[in-house]
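Geometric and topological summary
Each chain is listed here by its residues.
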Amino acid sequence: MRRSWTIARRELASFFDSLIAYILLAVFLGVCGFFTWMYGQDIFIRGQADLAVFFNTAYWVLFLFIPAITMRSLADEKRTGTLDLLLTKAVTDRQVVVGKFIAAMVLIAIALACTLPYYITIAFIGNVDHGVVWCGYLALLLVSAAYVGAGIYASSSTDNQIVAFLVALMIILFFQIIFQAMAANFTGLTGTVLAQLSTSTHFDSVSRGVVDSRDLLYFLGIAVIGLSLAEINLAKRAIKG
């Protein structure tokens with residue numbers, strides 16, 4: 001685990017040494033802040049002391065935010081040849097993948113932490129259900145974990161960052177939109193299964209304050225499957241090499 005943390009620190013340093021982290025954080029906070037406080041069904045129009053608008057907005061912003069974070073995680077390492085150099089050291093494929101996962105999750109946690117002033121402001125404005133707010137943040141972190149796993153898998157499948165971005169986007173598209181749309185067209189067991197495959201179903205459940213073990217297993221299961229497939233891709237690369 002220590003080596004995974006070392007890789008994570010190295011990855012985070014590379015994010016902040018360039019403008020990538022700052023640009024992504026600015027876009028995330030700008031879009032979320034605009035729709036939460038200024039446009040559409042914002043907090044003032046709704047007249048309720050909660051962060052439902054923010055959580056729904058962030059849920060959709062992460063749809064693009066996470067592929068942008070993960071697209072370079074392994075694809076860029078493969079393109080520049082630094083992945084081969086890294087794997088020649090006393091580091092396993094799993095440690096590399098887990099390190100990349102930790103780095104992406106820390107960056108997302110930083111982005112969410114920067115929105116805590118929203119929470120503080122709402123707490124001053126009215127009577128906030130604090131449990132629901134923290135469950136909303138938990139829901140965003142769980143969705144992020146699932147999507148980061150998918151994004152790292154996509155990045156492990158190619159050495160082109162744009163291709164990795166598009167593959168991750170397509171995978172996330174199925175979980176966030178397509179399964180839910182398909183579920184609306186089916187009834188019975190098929191409709192139930194498709195609805196359960198959608199992240200929206202589980203996100204809505206957790207963000208309302210209902211933390212069910214099935215929701216936790218769903219998100220963590222996607223993350224583990226994505227990371228495991230990424231590890232398999234790295235192992236295949238080592239065998240071919």
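Description of the structure in this document. (Residues numbered from 1 in each chain as written. Predicted model: local features only at pLDDT ≥ 70, side-chain atom pairs only at ≥ 80, totals over all residues. Heavy atoms only, no water.)

Quick word on the environment of A145
As for its placement among the helices and strands, A145 is situated in helix α9 (residues 130-156). Residue classification places A145 among the buried positions, given a relative accessible area of 7%. In the structure, A145 is positioned 37 residues away from I108 in sequence and 9.4 Å away in space, judged by C-alpha atoms. (Helix = DSSP H or I, 4+ residues; strand = E, 2+ residues; numbered from the N terminus. Buried < 20%, exposed > 50% of the residue type's maximum accessible area, 1.4 Å probe, protein only.)

A look at the environment of P67
Position of P67 relative to the elements: it lies in helix α4 (residues 52-70). Sequence separation between P67 and A164 is 97 residues; the distance between their C-alpha atoms is 7.8 Å. Apart from the residues lying within four places of it in its own chain, the contact partners of P67 are L62, F165, A168, L169 and I172. (Contact = heavy atoms within 4.5 Å.)

Let's talk about the packing of aromatic side chains
By the definition in use, this model includes 15 aromatic pairs. When the centroid spacing of 5.6 Å and the interplanar angle of 75° are considered together, the rings of Y59 and W60 count as edge-to-face. Given a relative accessible area of 43%, W60 falls into the partly exposed group. Three or more aromatic residues joined by ring pairs form one cluster here, namely F54, F55, Y118, Y119, W134 and Y137. It is R72 that lies over the ring of F15; its NZ or CZ is 5.4 Å from the centre. (Phe/Tyr/Trp six-rings, centres within 6.5 Å; stacked < 30°, edge-to-face > 60°. Lys NZ or Arg CZ within 6 Å of the ring centre and 35° of its normal.)

Describing the side chain of S156
Tracing the sequence through the fold places S156 in helix α9. A relative accessible area of 2% means that S156 is categorised as buried. Contacts of S156, omitting those with residues within four sequence positions, involve L74, K78, A230 and N233.

What about helix α7 (residues 93-113)?
Taking 1.5 Å of rise per residue, the 21 residues of α7 would be expected to cover 30 Å, and the 30 Å separating its terminal C-alpha atoms lies within 8% of that figure. α7 sits mainly inside the fold: 15 of its 21 residues count as buried. (Expected span 1.5 Å × (residues − 1).)

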